[in-house]
Amino acid sequence: MEKKFARKLFINLFIFMIFSLSLFADSSYKVEKGDTLYSISRKYQITVAELRAANNLSENDIIKIGQKLIIPSADISTAAALLSDNTKKEENQAKALENASSVYVVQKGDTLYAIARKCGLTVAELVSLNNMDTSTVIKVGQKLKIKATPTLTQTTPTSAVNSNDTKKTNTSTTSTSSSTSTADKTNSDKTSSKSEVAKEDKTPDTRTYGITITSDSSTIWPVKNPKVTTVKGKASGVQLSAQKNEAVTCIREGTVMYVGLYRGFGQVVFVQSKTGIIYAYAGLGSVSVRKSEYLNFGTEIGTAGIDPISKNPQITFIVFQNGQPIDPAKAPRN
């Protein structure tokens, strides 16, 4: 009886390992028709920013059918560092805009619609300023008259936090070719995440559990009165016990930078404070916020999920400063 049980267990583990390897062991991916960086990142449960960084791609770069992309290993610390980096770049760009000229230089992948959107104009205003019409073909390097506004950026914008991430509205000039804009669906992060939570993160648990710690009774956590257990691995944090479907709340006001499945951590929400600290709420059962939404202290982010290993309701909570994990118990609260 014991031999049969051991054999059955071995077979199940073998099948699980084969499934995991087939889904996540790829080191490269060949672009297929209809692919975008957003859809590929969702398939491999990493951020678009990580995918771009691994392949030296900017937001305006084009991916083509048959192109091979490197699929980086999922590293939540890297994801947080890229978010932090991108925010700093955008802040520098915004400062530079204060003295920006009223001229925009056309970049690769630009369309009249995309430029107008970047510059805070309508297409009609843009073509009127330049004595053109909507059928005019623009060329890389061409200078266009625009209104200098705080939303303009003439350098390559960063994907993970840029509100200029577009859907498929700028594909009018590229849809007839075999290429797909890498910015096509990044803004899909802003759509309701309810469809995402229906998916299951089947990645093996790579976390290493430490000791249960006793925090100060006055310490505010995303859930009420949790049992706090240290978690080590690619990123150190804590695991917080919770009640079934308990509300998970924001402990530091900030902007939602990422919503979605992240490999090894289930459903994740990144919230970045005004001081640049990133709070990662992982292992959520449901999510009620969207990318780019600004959250106040106490706003409900979602609900606690059921841990796939222990089968208990809980979340993983990690805090990053300058891309490095810090003690969640000591992280600033509101």
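Residues numbered from 1 in each chain as written. Predicted model: local features only at pLDDT ≥ 70, side-chain atom pairs only at ≥ 80, totals over all residues. Heavy atoms only, no water.

(A) Broad picture of the overall build of the chain. In terms of regular secondary structure, the chain is built from seven helices and 17 strands. For the chain, buried positions account for 47% of its 334 residues. Long-range contacts, defined here as pairs at least 24 residues apart, represent 65% of the contacts in the chain between residues at least 6 apart. Of the roughly 17,200 Å² of accessible surface on the chain, 54% is carried by carbon and sulfur atoms. (Helix = DSSP H or I, 4+ residues; strand = E, 2+ residues; numbered from the N terminus. Buried < 20%, exposed > 50% of the residue type's maximum accessible area, 1.4 Å probe, protein only. Contact = heavy atoms within 4.5 Å. Areas by Shrake-Rupley, 256 points an atom, 1.4 Å probe, with all protein chains shown as cover.)

(B) Representation of unusual backbone geometry in the model. With a phi close to 55°, Gln-45 is a non-glycine residue in the positive phi region. Within the secondary structure layout, Gln-45 lies in the loop between α2 (37-44) and α3 (48-54). Classification of Gln-45 as buried rests on a relative accessible area of 7%. A positive phi angle, close to 50°, is found at Asn-131, a residue other than glycine. Residue classification places Asn-131 among the exposed positions, given a relative accessible area of 72%.

(C) Inspection of α2 at higher detail. A large share of α2 lies buried, amounting to six of its eight residues. Listed in full, the buried residues belonging to α2 are Leu-37, Tyr-38, Ile-40, Ser-41, Arg-42 and Tyr-44. Where α2 terminates, the next one or two residues include Gln-45, which has phi positive at roughly 55°.

(D) Representation of the pairing of strand β13 (residues 278-287) within the structure. Counting buried positions along β13 gives seven out of 10 residues, so the element sits mostly inside the fold. As defined by bridge partners, strand β12 (residues 266-272) adjoins β13 across six bridges and the pair is classed as antiparallel. Opposite Val-269, over in β13, you have Tyr-281 as the bridge partner. If you look at the hairpin formed by β12 and β13, you'll find five residues sitting between the two strands, and Gly-276 has a positive phi there, around 95°. The sheet contact formed by β13 and strand β16 (residues 313-321) spans five bridges and is antiparallel. (Pairing = 2+ DSSP bridges.)

(E) Geometry of the side chain of Lys-118. Inspection of the secondary structure puts Lys-118 in helix α5 (residues 112-118). Within the structure, Lys-118 has its side chain in polar contact with the side chain of Tyr-104 (distance 3.2 Å). Reaching out from Lys-118, the side chain makes a polar contact with the side chain of Asp-110 at a distance of 3.1 Å. (Polar contact = N/O pair within 3.5 Å; in protein donor to acceptor, adjacent residues only side chain to side chain.)

(F) Expanded view of the nonpolar core. Of all hydrophobic cores here, the largest spans 30 residues; its most connected members are Ile-40, Ile-76, Tyr-262, Phe-270 and Phe-320. Mapped by element, the contributors of at least two residues to this core are α2, α3, α4 (76-97), β11 (254-262), β12, β13 and β16. In this view, Phe-270 contacts Ile-76, Ala-79, Leu-83, Thr-255, Val-256, Met-257, Tyr-258, Ile-278, Tyr-279, Ala-280 and Phe-320; residues no more than four positions away in its chain are not counted. Ranked by size, the runner-up nonpolar core spans 26 residues in total, among them Ile-251, Val-259, Leu-295 and Phe-317. (Core = buried A, V, L, I, M, F, W, Y, C linked by side-chain atoms within 4.5 Å.)

(G) Up close: the pairing of β12. The buried fraction of β12 amounts to seven of the seven residues, a majority that puts the element mostly inside the structure. Taken together, the seven bridges between β11 and β12 define a ladder with antiparallel strand orientation. When the bridges of β12 are listed, Thr-255 appears paired with Gln-272.

(H) Expanded view of the pattern of salt bridges. Here the structure, examined in full by the defined rule, presents one salt bridge. Lys-118 is the partner of Asp-110 in a salt bridge, and the nearest nitrogen-oxygen pair spans 3.1 Å. Pair check on accessibility: Asp-110 and Lys-118 agree, each one buried. (Salt bridge = Lys/Arg side-chain N within 4 Å of Asp/Glu carboxyl O.)

(I) Looking closely at the packing of aromatic side chains. Using the criterion set out here, one finds six aromatic pairs in the structure. Measuring from centroid to centroid gives 6.3 Å for Trp-221 and Phe-317, while their planes differ by 85°, and the two rings are edge-to-face. A residue pair is termed long-range when its members are at least 10 positions apart, and Trp-221 in the loop between β7 (208-213) and β8 (228-232) and Phe-317 in strand β16 qualify at 96 residues. A connected cluster of aromatic rings, assembled from ring pairs, spans Trp-221, Tyr-279, Tyr-281 and Phe-317. (Phe/Tyr/Trp six-rings, centres within 6.5 Å; stacked < 30°, edge-to-face > 60°.)

(J) Looking closely at the environment of Ala-80. The residue Ala-80 is located in helix α4 in this model. Taking the C-alpha atoms as reference points, Ala-80 and Ile-277, 197 residues apart in sequence, are found 9.4 Å from one another. In this view, Ala-80 contacts Ile-278 and Phe-320; residues no more than four positions away in its chain are not counted.

(K) Molecular detail of the environment of Asp-327. Inspection of the secondary structure puts Asp-327 in the segment after β17 (324-326). Separated by 89 residues in the primary sequence, Asp-327 and Val-238 place their C-alpha atoms 8.6 Å from one another. At 3.0 Å, the side chain of Asp-327 and the backbone nitrogen of Ala-329 are in polar contact.

Everything listed here is a matter of coordinates, which is why it stays silent on function.
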